Amino acid sequence: MSSTPEYLRELVDDAAIFPPGNAPLDAALRANRTLWQRTPHASVVGAFVVDDARLVELGRVVAEAASEGVPHLDEPLRVSVVVRGGAGALEPTVAWAEKAGLGIAGLEIALRDSATGELTHNARRISAAVDALTADKALDDVPVYVEMPRLYGSPPTPDWFGALDELAGAELRLKLRTGGEDADAFPSPHELAGCIDAALDREMPFKCTAGLHRAVRHGEDDTGFEHHGFLNVLVATRAALDGSSVDDVARVLVETDCDKLTAAIDPERMSSARRWFGSFGSCSVVEPLDDLIALGLLESA
């Protein structure tokens, strides 16, 4: 795997069981593990994403697959767990993952919105729960990503910024939603650029979720949705780090010229950008690999 550039390693988290892929858990696990036999660039794939309600089921599936000789199950499967139950569900999630024999690579939790302006309060509840787990040594350098409520084109409120400051002060990370099953789930380039800028301004690493299965921004023929490209996000992150304005970062996010984007790729500079843009979850890990090979950023197998 030495031919895989450092800036691409563990870029794609395997979210095959989530929409729109909705792969059965057993099939998703087997495809993930056998990928390591099929491609020299499997190190592009990071954690296996699962929600907290399916941890026990995943532990059972892993044990059955290991007994049947599915490869690369001799060590605990690294999972990023989407926690659905709020701050109070973090502690039992960690306990269930350990009981299931899984290795926690990350935790992902949404910050619950409130019509009465309680975002900062809710952020404190999450940071306090993480602090308690850290003090009990239940979390050992496990990144925790918090998804802020979408802005939908509106300017951030003081409470939104206050919550973000609270999370940054607790050294938690940001999760940005970049797509979904309806048009409203896709943030505008300017909204996404503003969130990237807000994260970097607070020195918060971030990950993205949904909609980023292709490298370059494009429109889907079957839905008509405009999808962000993960390469756009990477180059945009580098541009923001270099001091570009939000408007200029947004212009990188709308770029559809593959040659312009690949020309901006400098491996060393992209590796430093990856310190902040950690990864993205995709229901397909094959499509990102295929795109990177087609763009000449990965060697063909």
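Bear in mind that the values here come from a model prediction, so they are computed numbers and not experimental data.

Asks: I would appreciate a short explanation of the pairing of strand 7 (residues 206–209) in the present structure.
Replies: Here strand 7 shows two buried faces, one formed by Phe206 and Cys208 and the other by Lys207 and Thr209. Tracing the backbone out of strand 6 (residues 173–177), into helix 6 (residues 189–201) and back to the parallel element strand 7 gives a crossover that is right-handed. Sheet analysis places strand 7 next to strand 10 (residues 277–282), joined by four bridges and oriented parallel. Within strand 10, the position partnered with Phe206 by the bridge is Phe277.

Asks: Where do I start with empty space enclosed by the protein in this structure?
Replies: Regions of empty space are outlined by a rolling probe, equal in size to a water molecule, passed over the atoms. Per the counting criterion, the structure on display carries one cavity of 30 Å³ or more. Put simply, the largest cavity is a space of about 130 Å³. Along its surface, the largest cavity is lined by 13 residues, and Arg150, Leu176, Arg177, Glu191 and Cys195 are the ones closest to its centre. Mapped by element, the contributors of at least two residues to the lining of the largest cavity are strand 6 and helix 6. Taken together, the residues of the lining of the largest cavity sort by class into eight nonpolar, no polar and five charged.

Asks: In this structure, what is going on with helix 8 (residues 246–253)? I would like to understand it.
Replies: Spacing of three or four residues puts side chains on the same side of an α-helix, whose turn is 3.6 residues. Among the residues of helix 8, those classed as buried are Val249, Ala250, Val252 and Leu253. Mapping the buried residues of helix 8 onto a view down its axis gives an arc of 155 degrees, with all of them on the same face. Where the residues of helix 8 are buried, they touch helix 6 and helix 7 (230–241).

Asks: What am I meant to see in the nonpolar core here?
Replies: One recurring pattern in soluble globular proteins: nonpolar side chains tend to sit buried together. Within the largest apolar cluster, 97 residues are counted, with the highest numbers of intra-cluster contacts made by Leu58, Leu90, Leu107, Ile126, Phe206 and Val233. It is helix 7 that provides the largest number of residues to this core, a total of eight residues.

Asks: In this structure, what is going on with the packing of helix 7 against helix 10 (residues 267–274)? I would like to understand it.
Replies: Packed helix pairs are specified by the crossing angle of their axes together with the interaxial distance, meaning the distance between the axes. Relative to each other, helix 7 and helix 10 sit at 85 degrees, their axes nearing to 9 Å. When the axes of helix 7 and helix 10 are compared, the pair comes out roughly perpendicular. Contacts between helix 7 and helix 10 pair Leu234, Thr237, Arg238 and Leu241 from the former with Arg269, Met270, Ser272, Ala273 and Arg274 from the latter.

Thresholds, definitions, all that
- Residues numbered from 1 in each chain as written.
- Predicted model: local features only at pLDDT ≥ 70, side-chain atom pairs only at ≥ 80, totals over all residues.
- Heavy atoms only, no water.
- Buried < 20%, exposed > 50% of the residue type's maximum accessible area, 1.4 Å probe, protein only.
- Helix = DSSP H or I, 4+ residues; strand = E, 2+ residues; numbered from the N terminus.
- Right-handed = clockwise from strand over helix to strand, strands pointing away.
- Pairing = 2+ DSSP bridges.
- 1 Å grid on protein atoms, 1.4 Å probe; cavity = no way out; pocket = protein on both sides within 12 Å on 5 of 7 lines; lining within 4 Å.
- Points joined across faces, edges and corners; volume = space filled by probe spheres on them.
- Nonpolar A, V, L, I, M, F, W, Y, C, P; charged D, E, K, R; others polar.
- Arc of directions from axis to C-beta.
- Contact = heavy atoms within 4.5 Å.
- Core = buried A, V, L, I, M, F, W, Y, C linked by side-chain atoms within 4.5 Å.
- Axes fitted to C-alpha atoms, helices over the stretch in contact; angles between N-to-C directions.
- Parallel < 35°, antiparallel > 145°, perpendicular 65-115°, else oblique.

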